[in-house]
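Given next are the chains, with one letter for each unit.
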Amino acid sequence: MTRHERNVEKMENRCGKAIAIAVLCLGSLLGRALAQGGELRFCLRNEPKTFDPLKVEDDASGAIRYLTGGVLVRVNRQTQALQPELALSWKVSKDGRQISFRLRRGISFSDGTAFTAEDVVYSVQQLMDPALHSPTGDAFRSGTGNVETKVTSPTQISITFPAQVAGLDRLFDGVAILSQHSPKKEMAVLGPFMVADYKPGSTVLLKRNPNYWKTDEHGRKLPYLDSIRLDIQPNRDVEMLRFKRGELDLINSLDSEYFDKLAATSPQLVHDAGASLDSEQLWFNEVAKSPIPVYKKYWFHSASFRRAISEAINRDDLSRVVFHGHAQPAVGPFSPANKFWFNARLKPQTYSPDAALTALQSEGFRLENGALKDKEGNEVVFSIITNAGNKYRERMAVLIQEDLQKIGIHVNVVTLDFPSLIERMTQSFDYEAIILGLTNVDLDPNSEMNVWLSSSENHQWNPQQKTPETPWEAEIDSLMRTQASSSDLKKRKAAFDRVQEIVVEQEPFIFLINKNALSAVSTSVHGAAPVILSPQTFWNAERLTVTAK
C-alpha cells in the first residue's frame, strides 16, 4: 500500500469514527429529548388532609409533601444515607443541640420568590410554634424552652434547640421549607412539582416546578415529567383494575395477594424489594388493673411463658402461607432492612414446639389429656383479638391457634371492629392478647420512644407506668434516654443494640414477621427503582420518565 493510500485510509477511518460519534451523540440527544415530558399517574388511597407541609400526619398529604416540598437534606431512599439538598453542607454540635447549615445560592420558589436564609428561620419558627401542633415539629421537642435561629450570612444559618435532639440532621428530611414572603404561602414550593389543581374526592394534579434548581448530569433541568396526576381511590380492587388497563402507571404498595395475581400474568410489572421496616406482632395484657383472672396475669407476666409461646409459633409458615412468601420471620424490634440500626447479632426465633413444651413444664405447667394446665390446675386458654377485615392478621391468628394447640394451649380467635379494639387496648384493657402491626416510617430509634418508654401511652403491653414495673423495663428506659441524649453515633448504636437484645430476651412483644415491600410499575415508566422506604416507587420522581403507550 502506498503512503497516499495509507493516508486516505486514515482519513476515512477518522471520518468514520467522527460520523459514528456524531450519530451516537445525536441518538443520545434524541433519547433525552424524547424522555422529556409526559404525565405519571397513580393513586392516593385517602383524601389529603392538608397541603401545609408542616401539618402533615396522613399518607396522602405526606406523598404530596415529598413531591413538592424542598428540604435542606434528604435521606436517600435507596442507600439510606443523608445527602445535601437546599443545604450544601451541615454540622451538628457535639452536644446535639445545634445544627448549622450552609445554603445554596440562586434558588427560587415555584412562584419566582427568592429562597433565602430568612425562609429557613420562618419555617423553623412555624414548625416549632406550639399553637400549630405540627406532627413534624413534635419530633424536635426534646425539652422545654424556645428554639433559637441565627442568620450569620446570606447562606449561613444555625438553629439551637433547648435540649439534645438525637438524629437531629436526619429529622430535617421531613421539613419542607416555606417562603416567608410569597403571597401563595405554603403553595409556593421548592420541590420538583407544585400543586396545580385539586378536585376533592377525585384528583390532585401536580405540575413541573419551572424554577426547580436541580439539573441532571447532562445539564438538563429536572424534573423530566410535565405532571403527576394523583387520583383519590381507596378501593384497591379498582386501583388494580385501572393499573391493568393502563390507566395508572404504578401502585406504590401492594398486598401479597394482589402481587401474586399480577405476577401470574405480568411478572415484569411487579417488584419485591424484600423485607420492609413494618412488623406484625403479638402481645399479652400485663396491665395490673385489667379485668382478667389473676392466674392469667401470672402467665402473661412470665418471660418464660412468653418465650415458650414465641418458640411454639412457626414464623416460616406465617410468611409462606399468609403472605405467600412475601414476608420474613421477624427478629426483633427493628427489621434487618434498617441497615444501620438493626442489631445483626440477633437471629430469628427457632420454631420448636417440643422445646417450648419442655420450658413450660420446667415452670410447673403440665400436659394432661392433650390440654396444658398450670401448677394450680387451670387450663391454659386465652383469646387473641385482632381487627376485623384484616385478612392477613386473621389468618395469622388462626395459624398461631393451630401451632399452640400442638402444645396443649387452646386459643380463641376474636375479631373486632378497629375502634372497639382500640378502646379495649387503651381504655378498658379488657383483652388477653392482641395481634397488630407497627408501621415504621423513620429509620432512627428515636421515632419509637413512645413505644419503649414505660411511661408512654403506646407501651402497649403495660402503658403509662408511673415508675417502671420491672428491672428490664427500667433498663430500657435508661438506654432509650441514653441514646436520645447522645450525639455519639457509636454510643447510640450500642445502647439501642442492647434495647433490642432485652426485647428479644423478655418478649413483651412477640415479633412475628416483617412484610416485604411490594409494588407494581408499568413498563412505560423508566428510571423506577422500587425500595423499602416510603415512598417506595416514586422516591426519585424527578428523574422518572413515561413513554406513550
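Residues numbered from 1 in each chain as written. Predicted model: local features only at pLDDT ≥ 70, side-chain atom pairs only at ≥ 80, totals over all residues. Heavy atoms only, no water.

### Things to note about the overall build of the protein chain
When helices and strands are counted, the protein chain shows 16 helices and 21 strands. C-alpha atoms of the protein chain, sized along the principal axes, occupy 105 × 65 × 55 Å. A burial count over the protein chain gives 51% of its 549 residues as buried. Summed over all atoms, the accessible surface of the protein chain reaches about 25,000 Å², with 51% contributed by carbon and sulfur. The positive charge centre, built from 64 side chains, and the negative charge centre, built from 66, are 7 Å apart in the protein chain. (Helix = DSSP H or I, 4+ residues; strand = E, 2+ residues; numbered from the N terminus. Buried < 20%, exposed > 50% of the residue type's maximum accessible area, 1.4 Å probe, protein only. Areas by Shrake-Rupley, 256 points an atom, 1.4 Å probe, with all protein chains shown as cover. Lys, Arg positive; Asp, Glu negative; His and termini not counted. Charge placed at Lys NZ, Arg CZ, Asp CG, Glu CD.)

### Regarding helix α6 (residues 236-245)
Of the residues making up α6, those classed as buried are Glu239, Met240, Arg242 and Phe243. Within α6, the buried residues cover an arc of 165° as seen down the axis, which keeps them to one side. In α6, those exposed residues whose orientation departs by more than 90 degrees from the buried face are Asp237, Lys244 and Arg245. As for α6, its buried residues are in contact with β1 (39-44), β10 (227-232), β11 (250-251), α7 (256-265) and β19 (509-521). The opening residue of α6 is Asn235, an N-cap whose side-chain oxygen sits 2.9 Å from the backbone nitrogen of Asp237. Of the residues flanking the end of α6, it is Gly246, one or two places downstream, whose phi is positive at about 85°. (Arc of directions from axis to C-beta. Contact = heavy atoms within 4.5 Å. Polar contact = N/O pair within 3.5 Å; in protein donor to acceptor, adjacent residues only side chain to side chain.)

### Remarks on the packing of aromatic side chains
Where two aromatic rings form a pair, the distance of their centres and the angle of their planes describe that pair. Counting across every chain of the model gives 27 aromatic pairs. Summarising the aromatic geometry, the rings of Phe51 and Tyr198 are spaced 5.1 Å apart at their centres and angled 80° between planes, so their arrangement reads as edge-to-face. Highlighted residues: Phe51 in the loop between β1 and α2 (59-68) and Tyr198 in strand β8 (residues 193-199), separated in sequence by 147 residues. What makes Tyr198 partly exposed here is its relative accessible area of 27%. Seen from their ring centres, Phe509 and Phe511 are 5.7 Å apart, and the 75° between their planes marks the pair as edge-to-face. For Phe509, a relative accessible area of 1% gives the class buried. Chaining the aromatic ring pairs together yields one cluster made of Phe284, Tyr295, Trp299, Phe300, Phe305, Phe365 and Phe382. Cation over ring: Arg395 sits above Tyr392, and NZ or CZ is 5.9 Å from the ring centre. Here the basic side chain of Lys493 rests over the ring of Phe340, its NZ or CZ set 5.7 Å away from the ring centre. (Phe/Tyr/Trp six-rings, centres within 6.5 Å; stacked < 30°, edge-to-face > 60°. Lys NZ or Arg CZ within 6 Å of the ring centre and 35° of its normal.)

### Let's talk about the packing of helix α9 (residues 303-311) against helix α11 (residues 353-362)
Packing of α9 against α11 brings their axes to within 8 Å, and their N-to-C directions diverge by 165°. In terms of their interaxial angle, α9 and α11 are classed as roughly antiparallel. Crossing geometry of α9 relative to α11 is assigned as left-handed. Residues Phe305, Ala308 and Glu311 of α9 pack against Pro353, Ala355, Ala356 and Leu360 of α11. (Axes fitted to C-alpha atoms, helices over the stretch in contact; angles between N-to-C directions. Parallel < 35°, antiparallel > 145°, perpendicular 65-115°, else oblique. Left-handed = near helix turned anticlockwise from the far one by under 90°.)

### Re the environment of Gln83
Mapping Gln83 onto the fold places it in strand β3 (residues 82-84). For Gln83, a relative accessible area of 26% puts it in the partly exposed group. C-alpha of Gln83 to C-alpha of Val73: the two residues are ten residues apart in sequence and 5.8 Å apart in space. Look past the residues within four positions of Gln83 in its chain and what remains in contact with it is Val73, Arg74, Asn76 and Trp90. Here the side chain of Gln83 touches Asn76 through a polar contact of 3.0 Å, side chain to side chain.

### Topic: the sheet that holds strand β9 (residues 203-208)
Strands in a sheet are paired, the pairing made by backbone hydrogen bonds, and the direction either parallel or antiparallel. The mixed open sheet is built from four strands, whose spatial order is β1-β10-β9-β8. Each end of this open sheet is capped by a strand with a single partner; those strands are β1 and β8. Between one strand axis and the next, the sheet turns by 20° as a mean value, whatever way the strands run. When β1 meets β10, the two strands line up parallel, connected through six bridges. Bridging from a neighbouring strand, Leu40 pairs with Ile228 of β10. Against the sheet, α2 makes contact with β1, β8, β9 and β10, and its axis sits at roughly 145° relative to β8, the strand it touches most. (Pairing = 2+ DSSP bridges.)

### Some words on the pattern of salt bridges
A full pass over the atoms with the stated rule returns 34 salt bridges. Of the charged contacts in the structure, one is a salt bridge between Asp197 and Lys199, with a shortest N-O distance of 2.6 Å. For Lys199, a relative accessible area of 45% translates into the label partly exposed. Residue Asp226 is joined to Arg208 by a salt bridge in which the shortest nitrogen-to-oxygen separation is 3.0 Å. Here the residue Asp226 occupies a position in the loop between β9 and β10, and Arg208 occupies one in strand β9, the gap between them amounting to 18 residues. (Salt bridge = Lys/Arg side-chain N within 4 Å of Asp/Glu carboxyl O.)

### Focus: unusual backbone geometry
With the exception of glycine, most residues fall at negative phi, and the peptide bonds are largely trans. Backbone torsion omega between Leu222 and Pro223 reads 0°, so that peptide bond is classified as cis. Following Ser534, the chain continues to Pro535 via a peptide bond in cis, the omega torsion being -5°. Looking at where Pro535 falls in the secondary structure, it is placed in the loop between β20 (525-526) and β21 (545-546). Residue Gln80 is not a glycine yet carries a positive backbone phi of 65°. Topologically, Gln80 is positioned in the loop between β2 (73-75) and β3. Its relative accessible area of 9% is what places Gln80 among the buried residues. Within the chain, Gln464 stands out as a residue other than glycine whose phi angle is a positive 55°. Along the chain, the position of Gln464 falls in the loop between α14 (449-452) and α15 (471-484).

### Regarding the nonpolar core
One finds Leu72, Phe101, Leu103, Phe115, Val120, Phe140 and Phe172 to be the most contacted residues of the largest nonpolar core, which totals 39 residues. Among the elements of the structure, β2, β5 (98-103), α3 (117-127), β7 (156-160) and α5 (168-171) are those that each provide at least two residues to this core. With five residues, α3 is the largest single contributor of residues to this core. Residues contacting Phe101, with those up to four places away along its chain left out, are Leu72, Val73, Ala87, Ser89, Trp90, Thr155, Gln156, Ile157, Ile159 and Phe172. (Core = buried A, V, L, I, M, F, W, Y, C linked by side-chain atoms within 4.5 Å.)

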